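Residue strings, one per chain:
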Amino acid sequence: MTSHFLVVGGAGFIGSHLVAGIVSGGDHCTVLDNLQTGHLAAVDPRASFILGDLADPVTLDTVLASQRWDGVFHLADLSLVGESMREPMRYLTINPGNAGRLIDACIRHGVRRLVFTSSANVFGNADAAPLDEDTPMRPASAYGEGKFIVERMLQWAERVHGLQFACLRFFNAAGADPGGRLGEAHQPETHLIPLAIDAALGHRPPLALYGDDYATPDGTCVRDYVHVSDLVSAHLLAMERIEQSSVHYNVGLGRGYSVREVIESVGRIAGCTVPMHCAGRRAGDPAWLIASPSRIMRETGWRPRFTSLDEIVESALIWRRNHPQGYETAALQRSLLA
Ligand code: UDP
């Protein structure tokens, strides 16, 4: 039997890949997105699209009342760690506020399952040991704190109303659809891999390396980069799994790479040296974030298909080469909406 899922934030980087995964698997999908950071051109044409904002309770009620939903995926968040340290109140009001309205509407309209895209940033400062789900949560940024608050809301929604949920703590989402249609195009771009690629291709100024005095082997931050297609399979498996019980999963490869190793990988794949300079630390960045993905692997059978950084970088580089301007201009976005 086919299912019909609502993907909130389905025009964003991870969301657009998820939507493509849902419809390619034969299920139906509707996207709700305010297009503040997402791209209409990234939404698979087989999905339905609704322009709307989680801040608007009327839109939410209308969408959730319009049909029976087999589950909701929530990926719509302000998502920049650095920005959250400049505007903490914005992150602490908008992200939890929007999630609270969505959870409340799901409860009132009888939606039984919700998968929430959380983040490794709920853990805060860590050391080289991979983080499992029993690691205490001490967010080091307002972004991470907002995710933590939403995770707590979901626990109350389950306890009082029986909503089944998954919190997926993603480590560093990267790469691009191997089919070549979808990729990473934030505006503004702040993420390491696309910025390093653009610096290598000469599309942007040299990369600023944020901090080389961390307590890590080469002094730069270590992250666990996971391919966006593998995050799609994690979402789909989590949605199935919560039929049995609510879950928290840490999702990464279980292997960390330093910022310098990422820059070397980009140089290797692009066939040049990445122009860069050392800059100061970025507020809110933990030195280490490495996942222990044992639980999701054991309980759902999740297995990442992209297991090396070079493969992930290569898929991102192919997309950037073929889409130097990202998806579309603002004018095209307006004409698609017309
Ligand atoms: N980073 C960097 N220069 C940049 C962007 C990021 O040195 O222009 C570093 C950042 O400080 C962090 C790592 O790269 O240690 C990954 O950052 P990103 O923003 O890609 O993801 P995050 O870990 O914040 O989710």
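In what follows, the structure referred to is the one given above.
Analysis parameters
Residues numbered from 1 in each chain as written. Predicted model: local features only at pLDDT ≥ 70, side-chain atom pairs only at ≥ 80, totals over all residues. Heavy atoms only, no water. Buried < 20%, exposed > 50% of the residue type's maximum accessible area, 1.4 Å probe, protein only. Helix = DSSP H or I, 4+ residues; strand = E, 2+ residues; numbered from the N terminus. Pairing = 2+ DSSP bridges. Contact = heavy atoms within 4.5 Å. Phe/Tyr/Trp six-rings, centres within 6.5 Å; stacked < 30°, edge-to-face > 60°. Expected span 1.5 Å × (residues − 1).

Q: Account for the pairing of strand S2 (residues 28-33), naming residues and giving values.
A: Extensive coverage of S2 is indicated by the burial of five of its six residues. The pairing of S2 with strand S3 (residues 48-51) spans four bridges and is parallel. Of the residues in S3, the one forming a bridge with Thr30 is Ser48.

Q: How would you explain the side chain of Ser258 if you had to name every residue and give the values?
A: Mapping Ser258 onto the fold places it in strand S12 (residues 257-258). If near-sequence neighbours (up to four positions away) are discounted, Ser258 is found in contact with Asp218, Thr220, Cys221 and Val222.

Q: Quick rundown of the packing of aromatic side chains? Include the residues and the values.
A: For the structure on display, the rule yields three aromatic pairs. Relative to Tyr143, the ring of Tyr91 lies with its centre 6.4 Å away and its plane at 85 degrees, an arrangement referred to as edge-to-face. Of this pair, Tyr91 sits in helix H4 (residues 88-108) while Tyr143 sits in helix H5 (residues 142-161), and the two are 52 residues apart along the sequence. Each member of the pair, Tyr91 together with Tyr143, is buried. Judged by centre distance (5.1 Å) and plane angle (55 degrees), the rings of Trp319 and Tyr327 are tilted. The same class applies to Trp319 and to Tyr327, which are both buried.

Q: Go over unusual backbone geometry, please, and point to the residues and values.
A: With an omega of 5 degrees, the peptide bond running from Gln187 to Pro188 counts as cis. Relative to the helices and strands, Pro188 is located in the loop between strand S7 (172-174) and helix H6 (192-201). Look at Leu35: it is not a glycine, yet its phi comes out positive at around 60 degrees. On the secondary structure map, Leu35 appears in the loop between S2 and S3.

Q: Lay out helix H8 (residues 259-270) in plain terms, naming residues and giving numbers.
A: The terminal C-alpha atoms of H8 lie 16 Å apart, and with 12 residues this matches the ideal 16 Å at 1.5 Å per residue to within 8%. Listed as buried for H8 are Val259, Val262, Ile263, Ser265, Val266, Gly267 and Ala270. Residues of H8 that are buried in the fold lie against H6, strand S8 (207-210), strand S10 (225-227), S12, strand S13 (276-279) and helix H10 (309-322). At the C-terminal side of H8, Gly271 shows a positive phi close to 75 degrees.

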